[in-house]
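One-letter residues, chain by chain:
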Amino acid sequence: MFFTMLYGLKDIHTVISNQRKIGGAAEASMIRLTNGEVYHNPVFTNIDISKGQYVSLCFIDEDGVNTIAHVDQIAVIKGLQHKLICQLENTCVKQLLLKNNLQYLKRLCDINDGFVTQTFKNEALKLVRDISVAELKKHNMSLPFQVEDKLININQRLYA
């Protein structure tokens, strides 16, 4: 399984800012606001910064409700992780992101029809990794090159 623990607003911002490069999303098991409202499996969609300070946090809960909360309204965020789309617990956001990635993958394949360059292949494989080979097959999509669904990449970490 691919889960990376996130430790704060800066990590959420990094995941959102680099979504195209790293895929997936930032999801928590629960967020509780200072007024007592509790949201389960929120997926963070935006974080606003003003003058170097985090101001507000946007997330979609498991009912599909988009919420914007000022950072001062956040009491607790539990179980914050970076997950691939196929690993999200929030089924509403999972379906939305899955649909978007499948459309993007289809357009990518159409544009590169007949030309399997390494850049195209890397981009397509990154999308397939994010949504899973099972979803690719479920939606009757195929790629112009062989995708091995039983391979597990062990060395996925990048070191600075």
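Quantities reported herein were computed from a predicted structural model and do not represent experimental measurements.

> Got a minute to help me understand helix α4 (residues 118-131) in this structure?
Count 3.6 residues to each turn of an α-helix, and residues three or four apart come out pointing the same way. A rise of 1.5 Å per residue sets the reference length of α4, with its 14 residues, at 20 Å; its end C-alpha atoms lie 20 Å apart and thus fit the reference within 8%. Buried residues of α4: Phe 120, Glu 123, Ala 124, Leu 127, Val 128, Asp 130 and Ile 131, and no others. Down the axis of α4, the sector holding all buried residues measures 160 degrees, keeping them to one side. Looking at the buried residues of α4, the elements they touch are α2 (19-22), α3 (91-111) and α5 (133-138). Once α4 finishes, Ser 132 follows within two positions and takes phi at roughly 95 degrees, a positive value.

> Just to check I follow, could you spell out unusual backbone geometry for this structure?
Negative phi is the rule for most residues except glycine; trans is the rule for most peptide bonds. In this model, Ser 132 sits at a positive phi of 95 degrees, which is unusual for a non-glycine residue. Its location among the elements puts Ser 132 in the loop between α4 and α5. The residue Asn 140 is not glycine, and still its phi comes out positive at about 55 degrees. Here Asn 140 is to be found in the segment after α5.

> Teacher, can you tell me more about the sheet that holds strand β3 (residues 30-33) here?
In any sheet, the strands associate via hydrogen bonds between backbone groups, in a parallel or an antiparallel arrangement. Strands sit in the order β4-β3-β8 across an open sheet of 3 strands; the sheet is antiparallel. Unpaired on one side and paired on the other, β4 (38-40) and β8 (74-78) mark the two borders of the sheet. Adjacent strand axes in the sheet meet at a mean angle of 10 degrees when their direction is disregarded.

> Any chance you could explain the sheet that holds strand β9 (residues 81-83) here in plain terms?
Read from one edge to the other, the open sheet built from 6 strands follows the order β1-β9-β2-β5-β6-β7, with strand pairing classed as antiparallel. Only two strands of the sheet have a single partner each, and these edge strands are β1 (3-5) and β7 (66-70). With direction set aside, neighbouring strand axes in the sheet form an average angle of 40 degrees. The strands touched by helix α1 (residues 9-17) within the sheet are β2 (25-27), β5 (43-50), β6 (53-60) and β9, with β5 carrying the most contacts at an inclination of about 110 degrees.

> Is there a simple way to explain the packing of aromatic side chains in this structure?
Two measures describe an aromatic ring pair: the distance that separates the ring centres and the angle between the ring planes. Applying the stated rule across the entire model yields 3 aromatic pairs. An angle of 70 degrees between the planes, with centres 5.1 Å apart, marks the rings of Tyr 39 and Phe 59 as edge-to-face. Taken together, the positions of Tyr 39 in strand β4 and Phe 59 in strand β6 put the pair 20 residues apart, joining distant regions of the chain. For Tyr 39, a relative accessible area of 12% corresponds to the buried category. Of the aromatic side chains, those joined through ring pairs into one cluster are Tyr 39, Phe 44 and Phe 59.

Definitions and limits used
Residues numbered from 1 in each chain as written. Predicted model: local features only at pLDDT ≥ 70, side-chain atom pairs only at ≥ 80, totals over all residues. Heavy atoms only, no water. Helix = DSSP H or I, 4+ residues; strand = E, 2+ residues; numbered from the N terminus. Expected span 1.5 Å × (residues − 1). Buried < 20%, exposed > 50% of the residue type's maximum accessible area, 1.4 Å probe, protein only. Arc of directions from axis to C-beta. Contact = heavy atoms within 4.5 Å. Pairing = 2+ DSSP bridges. Axes fitted to C-alpha atoms, helices over the stretch in contact; angles between N-to-C directions. Phe/Tyr/Trp six-rings, centres within 6.5 Å; stacked < 30°, edge-to-face > 60°.

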